[in-house]
Amino acid sequence: MSVPLMPATDAQRRHPNELPQGEALIREIARLRKELDAVVLAHYYQDGEIQDLADFVGDSLQLSQAAAKTSAKVIVFAGVHFMAETAKILNPDKQVLIPDLDAGCSLADRCPPEAFARWVAAHPGHKVISYINCSAGVKALSDVICTSSNAVQICNSFPKDQPLIFAPDRHLGAWVEKQLGRKMVLWPGFCVVHEQFTARQLLRLKAQHPQAEIIAHPECEASVLDLADYIGSTRGLLDHVKASAAKTFIVATEVGILHLMAKARPDAELIPAPPSSGCNCSICPYMRLNSLEKLYLCMRDRTPEITLDEELRLRALKPVQRMLELS
Ligand code: 13P
Ligand code: SF4
């Protein structure tokens, strides 16, 4: 008796052995990019090999600006979900692909829209500023979005006597409060990666490298930021390393940023700040769900794709556009 041929399951089709390897994989991604008329956008926290083949590498603000102006038909977003979702908010008619749909963010995941709506309702008269690391549902409840590179500027765009609430990163919020000498109501969220850096570990490293500059992302807690010679977004940190005369840098952020720092400053010693527990936690577990293989597969199979309810998209669009206008 003959056995009818079954179509291959997804899992079978995606068996890694069947994937092109090495240079062939890079060539296939380039071919698909042309075939789909796609642009590949990558965050600085992606694996170096993804950054190397991307059309554009940037921080959250630069990536949303790039998404807002691309003429490509398909956006392949090598980053986390909220970044790809922001690209979709800005581009309802384009297909937005992400290598791994589970690439979330601890800040976004711990600020559910329902709880956020109750929190906003409990603060009548306040304007709502949300860090871009949040879901479309939270964006839709916000007056304006900010990123780590424009948070101070965006918060400062409100009159001094306007009460503000800031979500979901309490450390970024506290840093903005300090810069502006202005209190805000802060959602108690944090990034699982940046929360790992401690002043104690940094002081130990600094004692071993007294000439080093400490540079830190504002998602780090205040005691870490107090030790920093420079504080900024990933792009700000990279630009600082390019421009600084220092030869050694202790870098308190996700280690992916070291890829382009090392290319820009081959003469410099770049020391990743150690996490408190000696684990691998300075690697963002969400960002690193993406891989070159998954990038290829999402382009080949045109899935996973970001989809959004249109009514929600329109509500989330307003505060994102407001940010882009103010930036
Ligand atoms: P940037 O604004 O520097 O891109 O920060 C994004 C992020 O997720 C930091 O953890
Ligand atoms: Fe979110 Fe932190 Fe990862 Fe950035 S590094 S994507 S804030 S979990």
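Refer to the structure printed above.
Because the structure is a prediction, the values reported are computed rather than measured.

Cut-offs used in this document
Residues numbered from 1 in each chain as written. Chains lettered and ligands numbered in written order. Predicted model: local features only at pLDDT ≥ 70, side-chain atom pairs only at ≥ 80, totals over all residues. Heavy atoms only, no water. Near = heavy atom within 4 Å. 1 Å grid on protein atoms, 1.4 Å probe; cavity = no way out; pocket = protein on both sides within 12 Å on 5 of 7 lines; lining within 4 Å. Sits in = over half its atoms within 2 Å of the grid points. Nonpolar A, V, L, I, M, F, W, Y, C, P; charged D, E, K, R; others polar. Core = buried A, V, L, I, M, F, W, Y, C linked by side-chain atoms within 4.5 Å. Buried < 20%, exposed > 50% of the residue type's maximum accessible area, 1.4 Å probe, protein only. Helix = DSSP H or I, 4+ residues; strand = E, 2+ residues; numbered from the N terminus. Salt bridge = Lys/Arg side-chain N within 4 Å of Asp/Glu carboxyl O.

Focus: the site of ligand 2
And then number 1: Contacts to ligand 2 come from Tyr45, Val80, Cys105, Ser106, Leu107, Asn133, Cys191, Val193, Glu219, Cys284, Tyr286 and Met287.
And then number 2: The cavity that encloses ligand 2 is the largest cavity.
And then number 3: Tallied by class, the residues present in the shell around ligand 2 amount to nine nonpolar, two polar and one charged.

Some points on the nonpolar core
Inside soluble globular proteins, nonpolar side chains tend to come together where they are buried.
And then number 1: Ranked by size, the top nonpolar core spans 68 residues in total, and within it Leu41, Ile75, Phe77, Ile129, Cys155, Val176 and Ile250 carry the most contacts.
And then number 2: Examining the composition of this core, we find that six residues originate from one element, helix H5 (residues 81–90), more than from any other.
And then number 3: Val40, Val57, Ile215 and Leu292 belong to the second largest nonpolar core, which has 35 residues in total.

Some remarks on the pattern of salt bridges
And then number 1: Enumeration according to the criterion identifies 16 salt bridges in this entry.
And then number 2: For Glu254, the salt bridge is made with Arg288, and the minimal N-O distance between the two is 2.9 Å. A residue pair is termed long-range when its members are at least 10 positions apart, and Glu254 in the loop between strand E11 (248–252) and helix H14 (258–264) and Arg288 in the loop between strand E12 (269–272) and helix H15 (292–301) qualify at 34 residues.
And then number 3: Here Arg288 falls in the partly exposed class, since its relative accessible area comes to 25%.

Everything listed here is a matter of geometry and, on its own, says nothing about what the molecule does.
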